[in-house]
Amino acid sequence: MKTPRTGRVAAHVFTYGSTLVFLLPVYILINVAFRPADDLSAGLLPSSEPTLANFSKAWNESELPSAIVTSAIVTTLSCLAIVVLSTMAAYPLARSTARLSNVTFYLFLVGLLLPFQVALLPLYLMMRDMQLLGTVWSLVIFYTGLQMPFSIFLVTTFLRTSVAVEYEEAARIDGCSDLMAFVRVVRLLAVEAVEGDDERQARVLEVVDGGEAVGEPPRVDQNDRADGAAHQVVPHEPEAVLAGRTEEVQDQVLVERDASEVHGDRRGRLVPRVGEVVDARGRGCHHGLGAQRIDLRDSADERGFAHAEAARHHDLRGSGGAGRTAARACEVH
Amino acid sequence: MTSLSTAHHAADPDAEPARERPRRRSRSVGRSLWWFTLPALALYGFVVVVPTVQGGYMSLTDWSAFSLDRQFVGLKNFASAFRGEALDAAVRTLFLAVVTVIGQNVLGLLLAVLLNGRILGRNVLRTIIFAPLVVSPLVVGYLFKYIFGPPDAGALNALLEVLGFAQVDFLGDPTIALWVIVLVVVWQSTGATMVIYLAGLQSVPPELHEAASLDGANAWQRFWNVTRPLLAPAITINLMLGLIGGLKLFDQIFATTGGGPGGQTKTISTLIYERFAQLGLYGESAALAIVLALGVAVLSVVQFAMLRRQEKKTS
């Protein structure tokens, strides 16, 4: 049976391997960029005398500087126009249930299918007739118009699936006009997209990560062991153990339960007692598991019960991960 | 065109009585903002719709660089679109689209599932795999043209020589050249499919996986029975966009092989470009473009219907 360890190693090997393959062309590109003009080697290895001459040549002998400025202007204006216009258009398309709204939506979607070659020459002639050739505006109009189908598709589906219409219906009941509701939704989206972007992303990742840690096999060991322990030592607190505490936390719980006079003791003496308790529990665990093994053997999990030592080992690792998860979950909430 | 869109919308607000749609809300939110679509419609109409309609009309004429008076010739251009190299190009276009869609989706999904798990430095890996997408397809094409260059010039051939293998003229062999194009496309667009799959994976609640693994499901069963149904919308989007992009493939071919060797890697898109820009056969190229558009439309509608049915069945 494939253990999770070999699975994870394989996953690492595969992802790192394919990332290297993805990087290889870029690596060659960089090598070639720093290669002197008379070096005709293939660029598999970095050039023996790397040079910046290519860069200065590209910068000085082409119109690169002014081209970059033009690109920046065109990109900025087009992006702004695309975001503003597609959000405006997508809102009624996503919300209105009128048939015409659907028709318009599909009219935009048709644009995804059209190969642009049909439109190229007529568009060129139209731009010429409007005296727009050679200006930044022809490009801005071109890119904005061309991007409308996809961005409207994107924003509309996002609004339909991710922003509850009840939000605006409630706003309307409170006397909001559609325009005000729109402004609020946009503000909601903008705040989410701009301000919280990194943070939110990270949070989502954390939660997903944590979820996996919980879902992975080591947790199953821990779970079963908790059952064993429940028979022996902590009959009334299975939840506390299930939640995935670290070893120390469990021990503290045990100490508190086992000997109430421990509280009266000085702190220093707690430590050896903790050891004792853990040890006792380890043995108890062993017995408990021994009794349980027969019913549990048929269940999906075969790993944890080979013998008590192994179970404990697993457990430490598993509960470590789960403990992290719990800590993260706390952070998030 | 502006008047067209206005006419479209003139009847819109409050046009439909509530009783026509008893299950829907009486008057939907946002309907009074119908005019918000006008600027987008105007630009879209100007850049896409009107020129396309004009181009459509031109496909029915013998308009070319040599006969600017545009005689109406009916469907003659369309007939020639289904003869000779155009037919080969159509088959090749279909092949490229299917293979690249499969390649980038299998690889993208695999990477997404793995990079959604506990992989060391996965954010860096995600970024690297997504990075090719931000480079222009033309640049990527030229880069791969260099890598797969002829013997004694290309990077890969240099590597083969170092390793003691015989050198190969990759782009000089039609079959290999076609696969190089597949590789270029997959290399560049796997990141995009991966990101869409990652977004889909994050909406899969971990509790379901937990429950499934408690019930004894192994990793594959959990993927197939829990993740896959919930990923269905992401799969649909990826397959749709992949197919449409694959059928319209142009930049990568233009940059790597230019349709060669011997016209063996031409697709419909490169044919359109060739007839339009190099041969000046405007009418014919417009006819080809319309054939391509209809083909893309039919195939993607069929695909969409199938995927939707699948989505409904599994969810």
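Residues numbered from 1 in each chain as written. Chains lettered and ligands numbered in written order. Predicted model: local features only at pLDDT ≥ 70, side-chain atom pairs only at ≥ 80, totals over all residues. Heavy atoms only, no water.

A. The arrangement of the overall build of chain B in detail. Within chain B one finds 13 helices and zero strands. For chain B, the sequential pattern of α-helices and β-strands runs α-α-α-α-α-α-α-α-α-α-α-α-α. Going through the 315 residues of chain B one by one, you find that 48% of them count as buried. Long-range contacts, defined as pairs at least 24 residues apart, comprise 64% of the intrachain contacts of chain B with a sequence gap of at least 6. Element-wise, carbon and sulfur atoms account for 67% of the exposed surface of chain B, whose accessible area totals about 15000 Å². (Helix = DSSP H or I, 4+ residues; strand = E, 2+ residues; numbered from the N terminus. Buried < 20%, exposed > 50% of the residue type's maximum accessible area, 1.4 Å probe, protein only. Contact = heavy atoms within 4.5 Å. Areas by Shrake-Rupley, 256 points an atom, 1.4 Å probe, with all protein chains shown as cover.)

B. Molecular detail of the overall build of chain A. The secondary structure content of chain A amounts to 14 helices and zero strands. Across the 333 residues in chain A, those meeting the buried criterion constitute 39%. By sequence separation, contacts in chain A at least 24 residues apart represent 56% of the contacts at least 6 residues apart. Per element, the accessible surface of chain A, about 19500 Å² overall, is 63% carbon and sulfur.

C. Representation of the packing of aromatic side chains. Counting across every chain of the model gives 17 aromatic pairs over all chains. Taking 4.9 Å as the distance between ring centres and 40 degrees as the angle between the ring planes, the aromatic pair formed by Phe 108 of chain A and Tyr 44 of chain B counts as tilted. Of this pair, Phe 108 of chain A sits in helix H4 (residues 99-113) while Tyr 44 of chain B sits in helix H2 (residues 37-58), each in a different chain. We classify Phe 108 of chain A as buried; its relative accessible area is 0%. With relative accessibility at 2%, the residue Tyr 44 of chain B sits in the buried group. Pairing Phe 144 of chain B with Phe 148 of chain B gives two aromatic rings, centres 6.2 Å apart and planes at 15 degrees, and the pair type is stacked. Using a relative accessible area of 3% as the deciding quantity, one classes Phe 144 of chain B as buried. An aromatic cluster is built from Tyr 91 and Phe 182 of chain A together with Trp 35 and Phe 36 of chain B, whose rings are joined through pairwise contacts. The residue whose ring lies beneath Arg 228 of chain B is Trp 224 of chain B, and the NZ or CZ to ring-centre distance is 3.9 Å. (Phe/Tyr/Trp six-rings, centres within 6.5 Å; stacked < 30°, edge-to-face > 60°. Lys NZ or Arg CZ within 6 Å of the ring centre and 35° of its normal.)

D. Looking closely at the environment of Asn 77 of chain B. All names here are of chain B. Along the chain, the position of Asn 77 falls in helix H3 (residues 76-81). By relative accessible area, Asn 77 is classed as buried at 6%. When the C-alpha positions of Asn 77 and Ala 287 are compared, they lie 5.9 Å apart, and in sequence the two are 210 residues distant. If we skip the residues at most four places from it in the chain, Asn 77 touches Met 58, Ser 59, Leu 60, Thr 61, Gly 283, Glu 284 and Ala 287.

E. Representation of unusual backbone geometry in the model. The phi torsion at Gln 131 of chain A lies on the positive side, around 60 degrees, for a residue other than glycine. Relative to the helices and strands, Gln 131 of chain A is located in the loop between helix H5 (117-129) and helix H6 (136-162).

F. View of the nonpolar core. In this structure, Phe 148, Met 194, Tyr 197, Leu 231 and Leu 288 of chain B are the most contacted members of the largest nonpolar core, which totals 53 residues. Among residues more than four places away in sequence, those in contact with Leu 231 of chain B are Leu 109, Tyr 197, Gly 200 and Leu 201 of chain B. (Core = buried A, V, L, I, M, F, W, Y, C linked by side-chain atoms within 4.5 Å.)

G. Seen up close, the side chain of Arg 95 of chain A. Tracing the chain through its elements places Arg 95 of chain A in helix H3 (residues 64-95). Those residues in contact with Arg 95 of chain A that sit more than four places away from it in its chain are Leu 159, Arg 160, Val 163, Ala 164, Val 165 and Glu 168 of chain A together with Ser 28, Val 29 and Gly 30 of chain B.

H. Molecular detail of the interface of chain A and chain B. The partner chain B presents 85 residues to the 87 residues of chain A that form the contact. Counting the surface lost from both chain A and chain B, the interface buries some 7500 Å², and carbon and sulfur atoms represent 72% of this. Across the contact surface, chain A and chain B share zero salt bridges. The tally of links from chain A across to chain B stands at nine residue pairs in polar contact (both at pLDDT 80 or more). It is helix H1 (residues 4-33) of chain A that provides the largest number of residues to the side of chain A that touches chain B, a total of 16 residues. For the side of chain A that touches chain B, the per-class residue count stands at 57 nonpolar, 16 polar and 14 charged. (Buried area = accessible area lost by both parts, 1.4 Å probe. Salt bridge = Lys/Arg side-chain N within 4 Å of Asp/Glu carboxyl O. Polar contact = N/O pair within 3.5 Å; in protein donor to acceptor, adjacent residues only side chain to side chain. Nonpolar A, V, L, I, M, F, W, Y, C, P; charged D, E, K, R; others polar.)

I. Highlighting the packing of helix H9 (residues 206-214) of chain B against helix H10 (residues 219-247) of chain B. Residues and elements named next belong to chain B. Where H9 contacts H10, the two axes come as close as 10 Å, and the packing angle between them is 160 degrees. In terms of orientation, H9 lies roughly antiparallel with respect to H10. The handedness of the crossing between H9 and H10 is right-handed. Across the interface between the two elements, Leu 208, His 209, Ala 212 and Ser 213 of H9 pack against Arg 222, Val 226, Thr 227 and Leu 230 of H10. Residue composition of the contact of H9 with H10, grouped by class: four nonpolar, three polar and one charged. (Axes fitted to C-alpha atoms, helices over the stretch in contact; angles between N-to-C directions. Parallel < 35°, antiparallel > 145°, perpendicular 65-115°, else oblique. Left-handed = near helix turned anticlockwise from the far one by under 90°.)

J. Representation of the pattern of salt bridges within the structure. All names here are of chain B. Using the criterion set out here, one finds five salt bridges over all chains in the structure. Among the salt bridges present, the one from Glu 274 reaches Lys 266, with a minimum N-O distance of 3.0 Å. Considered together, Glu 274 and Lys 266 belong to a single accessibility category, that of buried residues. One salt bridge connects Glu 284 with Arg 275, and the closest N-O pair in it is separated by 3.0 Å. Its relative accessible area of 22% is what places Glu 284 among the partly exposed residues.

K. Region of interest: a nonpolar patch on the surface. Residue and element names in this part refer to chain B. The grouping of Phe 130, Leu 133, Val 134, Val 135, Leu 138, Val 139, Tyr 142, Val 195 and Phe 254 at the surface amounts to a nonpolar patch, some 700 Å² of accessible area in total. At three residues, the largest contribution of residues to the nonpolar patch is made by helix H6 (residues 137-147). Relative to the helices and strands, Val 195 is located in helix H8 (residues 174-202). (Patch = residues over 30% accessible without salt bridge, like charges linked within 9 Å, V, L, I, M, F, W, Y side chains within 5 Å.)

L. The side chain of Asn 105 of chain B, seen in detail. Secondary-structure assignment places Asn 105 of chain B in helix H4 (residues 85-116). Ignoring anything within four residues of it in the chain, the contact list for Asn 105 of chain B reads Thr 193, Tyr 197, Asn 238 and Leu 239 of chain B.

M. Spatial organisation of the confidence of the model for chain A. On average, residues of chain A carry a pLDDT of 65, and 54% of them reach 70 or more. Looking over chain A, one finds the lowest element-wise mean pLDDT in helix H9 (residues 197-215) of chain A, namely 34, and the highest in H3 of chain A, namely 91. (pLDDT = per-residue confidence, 0-100.)

N. Just the packing of H4 of chain B against H10 of chain B, in detail. Residues and elements named next belong to chain B. Remark: H4 packs on H10, axes separated minimally by 9 Å, with the N-to-C direction vectors making an angle of 145 degrees. For H4 against H10, the interelement crossing comes out right-handed. In this structure, H4 contributes Thr 93, Leu 94, Ala 97, Thr 100, Val 101, Gln 104, Asn 105, Leu 109 and Val 113 to the contact, and H10 contributes Phe 223, Leu 231, Asn 238, Leu 239, Gly 242, Leu 243, Gly 246 and Leu 247.

O. Molecular detail of the environment of Gly 283 of chain B. All names here are of chain B. With respect to the element layout, Gly 283 can be found in helix H13 (residues 282-314). Spatially, the C-alpha atom of Gly 283 lies 8.8 Å from that of Tyr 57, the residues being 226 residues apart in sequence. In this view, Gly 283 contacts Met 58, Ser 59, Thr 61, Trp 63 and Asn 77; residues no more than four positions away in its chain are not counted.

P. Quick look at the confidence of the model for chain B. Residue and element names in this part refer to chain B. Chain-level pLDDT for chain B is 81 on average; 90% of the residues reach the 70-or-more range. Taken as a whole, residues 1-25 scores under 50 in pLDDT and shows 37 contacts with residues more than four places along the chain or in a different chain. For this predicted complex, the interface confidence score (ipTM) comes to 0.71, while the overall pTM stands at 0.63.

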